[in-house]
Amino acid sequence: MTKKEKTGKKKKLSGLEKWQSERIDITQKRFRVGDYLAEKVIKGVAYLSIAIVFLIFVFVFRESLPIFNTSKPATETAVVGKQDSQETYGAVTDNTSTTQESYGSVADSSSKTNVQETYGEVTDQTASQEQNILAGDSASSKNSSSDTYTVSAGSGSDDNRTALKSMATKEWVPVSANPRYGLLALILGTIKITFISLLFAAPLSILAAIYVSVFANKRMKEIIKPTIELLAGFPSVVIGFFALMVLATFLQSVFHYETRLNSFVGGIAMGIAAIPIIFTITEDALTAVPKSFYEASLALGASKWQTAFFVILPAATPGIFAAILLGIGRVFGETMIALMATGNAAQMDLNPFASVRTLAATIGAEMAEVVFGDTHYNVLFLIGSLLFIFTFVINAVAEFYVKGKLMKRIQGK
Amino acid sequence: MINSFRKNFKGVAIEGITLFSALLIITIIIVMITVIFIGGKSQLSWEFLTSFPTEGMTKGGIFPAIYGTALLVIIMSIAAVPFGTITAIYLTEYAKESSFIAKTIRFAVRTLAVIPSIIYGLFGLGFFIKFVGTHVDSALYGGTLHWGQPNLLWASLTMALLTLPVVIVSVEEALKTVPQELRAASLALGATKWQTIRKVVLPESVSGIMTGTILAVSRGAGEVAPILFTGAAYYLATLPGLGDQFMVLGYHIYVLTTQSANVDQSLPIQFGTTCVLLMLTFVLNMSAVILRYRIRKKKNN
């Protein structure tokens, strides 16, 4: 065959196609504006959920950024009225580049004025007094009139440096003349309470899941499963209320400890909140194990419980691991129960019957009273970023590592 | 008989332990419901539900909190349900199951579901109030504080983000139960893809969208952490509008139990409020369970 013939044949074919497309209209997709637009809009909205996750991290982290502003001189601003103060706020937070923006007459970067600034209205009484004193001091060294707001996003750089340094210590004293932001006690408290709640919730819910997926008959299954799933719908503030009013008193009368609200009570209450998560995912993992495993084991002469514990449970371990991970994620970020039932005292203490303060509860308790733009405010957002990163990693591990492993095991590849 | 009695006994004991843990969980649930219901029963009356708090929150009703909760969940649903439904439509109808983008979206949705609710609160503060709000203020109001502060709108939108994954997951489940034959038949009759989705797939999955909405409402009504600093207020003498702070049932419970000066005096009100909130979420969840059960039954037929 020569080249010419080939091309000729091709041309013929394309001619035929052309003819077909002219005559038979049905097979041809016509371009429709409505359809096209609908698809694009739907696609755009769907992508939004990715954007939201990204935005959440960016905006939570952004508010904590000024705390890392240690090397640069303090960005100061003296502004009249609220309008400018808000603009300044926005501008300075964005200001991660080297250019320092200064409004008004001041910004004398050579003389390191150590200013605590306020943003907008000061709500907290004790904080506002401190702020006023400090702001007053700085105002006297400036030419600006005394009736101006002194505003800045970050606090003085020295403050940030000491704040960053103090994070590795144990003392959490954010509101004082010499604020210290030691995160260690908070982290320890969070880990302690997570440990207690998992010790309570994990065995209970895994055993219950085994019962439902292996032993229970259909009727029991239809009663137990929806009931436990109903617990997932309980608002955490209701569980917290129950723990505060009933559980704390009950447990104290049983164990006779001193402080009524402590990590033990909080841990049990959070365990109650984590039970439906661990139960549901474990149950899913157990039922995902192929029926043939079960039948093969029974055919080999194993009893029902041997099959459950030596065949089905090992096959579903990655799923159970994922369940526990997500349970940890739930307890780690739980705010309302921690606020209501743990006593909220930041202590370095391994005793389960001592009061604790968790990271999430710290944000919840103090954010409403903090001065916006203050170092304390930034530190709280930094804690938020830490919580976000932690739960994100936990979810990613549960998602990719565990699921891959589970599939491999069940399909025997 | 290969199994000896002893072996049998062991099996029964182990089965008993698993049954015991299942029953223990159920006992905890029942005790919780009973205690809260008995504590709040005496409070429940028409007057309690429809009057304002009086005498420093120690007497009177919880009407503003109920009103605030209702407004919150309505605005939240208006924002979350269309977005969640559209995302679910994309995942089931347009995206290929194994494509990278579909996997990423699914992962993002699951991440949204596990992010602690307090982080949503921080996001609401950092994004809606401090970023969007202040920019709107400086653009429209010349800088006077209107939207750059906590209010009902920002709280509802924050809550909408929190409940978005709930809606997506339930709608997706419902869309998957629509038989493939229906879609094929519609396409074969000459309908376009969008027409098929709008006229065939969506009407078939209305109950799924309903389930998602109900679950989202129940979640949104109970969550407190996201609205702690994006709009919830301790006490308001008037009913809120879009730009005001507002009272919510969950926050009301939290404030009364931990922040108020006379906790003991307001104890009946605390139990009453908790009881109302629990009953609300309970009824919502039950109806969602029943709806979902119907959907699954339809799928199996």
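Residues numbered from 1 in each chain as written. Chains lettered and ligands numbered in written order. Predicted model: local features only at pLDDT ≥ 70, side-chain atom pairs only at ≥ 80, totals over all residues.

Q: Teacher, can you tell me more about the overall build of chain A here?
A: If you tally the helices and strands in chain A, you get 15 helices and four strands. Looking at chain A as a whole, 44% of its 413 residues qualify as buried. Taking all contacts inside chain A whose residues are at least 6 apart in sequence as the whole, residues at least 24 apart take part in 77%. (Helix = DSSP H or I, 4+ residues; strand = E, 2+ residues; numbered from the N terminus. Buried ≥ 20, exposed ≤ 12 C-beta atoms within 10 Å, placed from the backbone. Contact = placed C-beta atoms within 7 Å.)

Q: Can you help me understand the overall build of chain B in this one?
A: Summing up its helical and strand segments, chain B has eleven helices and two strands in all. The order of α-helices and β-strands along chain B, N terminus first, is α-α-β-β-α-α-α-α-α-α-α-α-α. Each principal axis of the C-alpha atoms in chain B carries an extent, and together these give about 70 × 65 × 35 Å. Residues classed as buried in chain B amount to 49% of the 301 residues present. The long-range share in chain B, meaning contacts at least 24 apart out of those at least 6 apart in sequence, stands at 76%.

Q: I'm lost on the interface of chain A and chain B in this one. Help?
A: Reports of interface size often rely on the accessible area that becomes lost once the parts have come together. Between chain A and chain B, the contact holds 74 residues from the first and 76 residues from the second. Ranked by the residues each element gives to the side of chain A that touches chain B, the list is headed by helix α2 (residues 33-64) of chain A, at 19 residues. When the residues that make up the side of chain A that touches chain B are grouped by side-chain class, the tally is 47 nonpolar, 17 polar and ten charged. (Nonpolar A, V, L, I, M, F, W, Y, C, P; charged D, E, K, R; others polar.)

Q: Even after reading the chapter, I still don't get the packing of helix α3 (residues 63-94) of chain B against helix α9 (residues 206-222) of chain B, so can you show me in this structure?
A: The axes of two packed helices give the description: the angle between them and the distance between them. Residue and element names in this part refer to chain B. Their axes nearest at 9 Å, the elements α3 and α9 cross at an angle of 140°. The angle between the axes of α3 and α9 places the two elements in the oblique class. The way α3 lies across α9 gives a crossing that is right-handed. Here α3 contributes T69, L72, V73, M76, S77, A80, V81, G84 and T85 to the contact with α9, which in turn contributes I209, G212, T213, A216, V217, G220 and A221. Counted by class, the contact of α3 with α9 contains nine nonpolar, seven polar and no charged residues. (Axes fitted to C-alpha atoms, helices over the stretch in contact; angles between N-to-C directions. Parallel < 35°, antiparallel > 145°, perpendicular 65-115°, else oblique. Left-handed = near helix turned anticlockwise from the far one by under 90°.)

Q: Explanation requested: the packing of helix α7 (residues 180-188) of chain B against helix α8 (residues 193-204) of chain B in the structure shown.
A: Residue and element names in this part refer to chain B. Two elements in contact, α7 and α8, have axes separated by 10 Å at closest approach and are oriented at 155°. One element, α7, and the other, α8, form an angle in the roughly antiparallel class. Along this stretch, α7 crosses α8, giving a crossing that reads as right-handed. Every residue of α8 that contacts α7 at L182, R183, S186 and L187 is listed here: T196, V200, V201 and E204. Partitioning the contact of α7 with α8 into residue classes produces four nonpolar, two polar and two charged.

Q: So what exactly am I meant to see when it comes to unusual backbone geometry here?
A: Most peptide bonds adopt trans geometry, and most residues besides glycine take a negative phi value. Unlike most non-glycine residues, H256(A) shows phi in positive territory, near 55°. Here H256(A) shows up in the loop between α8 (236-255) and α9 (263-288).

Q: Would you explain helix α6 (residues 152-177) of chain B in this entry?
A: An α-helical segment advances 3.6 residues per turn. Residues three or four places apart therefore align on the same side. For α6(B), which comprises 26 residues, the first-to-last C-alpha distance of 36 Å matches the rise-based estimate of 38 Å (1.5 Å per residue) to within 8%. Counted residue by residue, α6(B) has 22 buried out of 26 residues, so it is predominantly covered. (Expected span 1.5 Å × (residues − 1).)

Q: When you look at helix α6 (residues 184-215) of chain A in this model, what are you seeing that I'm missing?
A: Relative to the 46 Å expected for 32 residues at 1.5 Å per residue, α6(A) spans 45 Å between its end C-alpha atoms, a close match to the ideal helical length. Taken as a whole, α6(A) carries its principal kink of about 30° at L198(A). (Bend = angle between axes of the 7 residues up to and from the residue.)

Q: Explain the confidence of the model for chain B to me, please; I cannot follow it from the model alone.
A: Residues shown with low pLDDT carry predicted positions that ought not to be read at fine detail. Of all residues in chain B, 97% attain a pLDDT of 70 or more, and the chain-wide mean is 88. Prediction confidence for the complex, expressed as pTM and ipTM, is 0.80 and 0.91 respectively. (pLDDT = per-residue confidence, 0-100.)

Q: In this structure, what is going on with the nonpolar core? I would like to understand it.
A: Most often, soluble globular proteins keep nonpolar side chains buried together rather than apart. Among the nonpolar cores identified, the biggest contains 187 residues, and A208(A), A243(A), A269(A), I275(A), I278(A), I337(A) and I119(B) are the most heavily contacted of them. Among the elements that make up this core, the one with the highest residue count is α6(B) (16 residues). (Core = buried A, V, L, I, M, F, W, Y, C linked by C-beta atoms within 7 Å.)

Q: I'm lost on the environment of E369(A) in this one. Help?
A: Residues and elements named next belong to chain A. Note that E369 resides in the loop between α14 (359-366) and α15 (375-411). A residue is classified by how many C-beta atoms lie within 10 Å of it, and E369, with 15 of them, is partly exposed. In this structure the C-alpha to C-alpha distance between E369 and G301, which are 68 residues apart in sequence, comes to 66 Å.

Q: What should I look at first to understand the environment of T375(A) in this one?
A: All names here are of chain A. Here T375 lies in helix α15. On the neighbour-count criterion, T375 (24 C-beta atoms within 10 Å) is buried. Residues T375 and L386 lie eleven residues apart in sequence; the distance between their C-alpha atoms is 16 Å.

Q: Whenever I open this one, the confidence of the model for chain A confuses me. Can you help?
A: Residues and elements named next belong to chain A. Chain-level pLDDT for chain A is 74 on average; 70% of the residues reach the 70-or-more range. The model gives residues 1-8 a pLDDT under 50, and that stretch makes one contact with residues more than four places away or in other chains. When the criterion is pLDDT under 50, residues 72-155 qualifies, and its contacts beyond four places in sequence or with other chains add up to 148 contacts.

Q: Explanation requested: the environment of L164(A) in the structure shown.
A: Relative to the helices and strands, L164(A) resides in helix α5 (residues 157-166). Considering only alpha carbons, one finds L164(A) and G182(A), 18 residues apart in sequence, at a separation of 9.0 Å.

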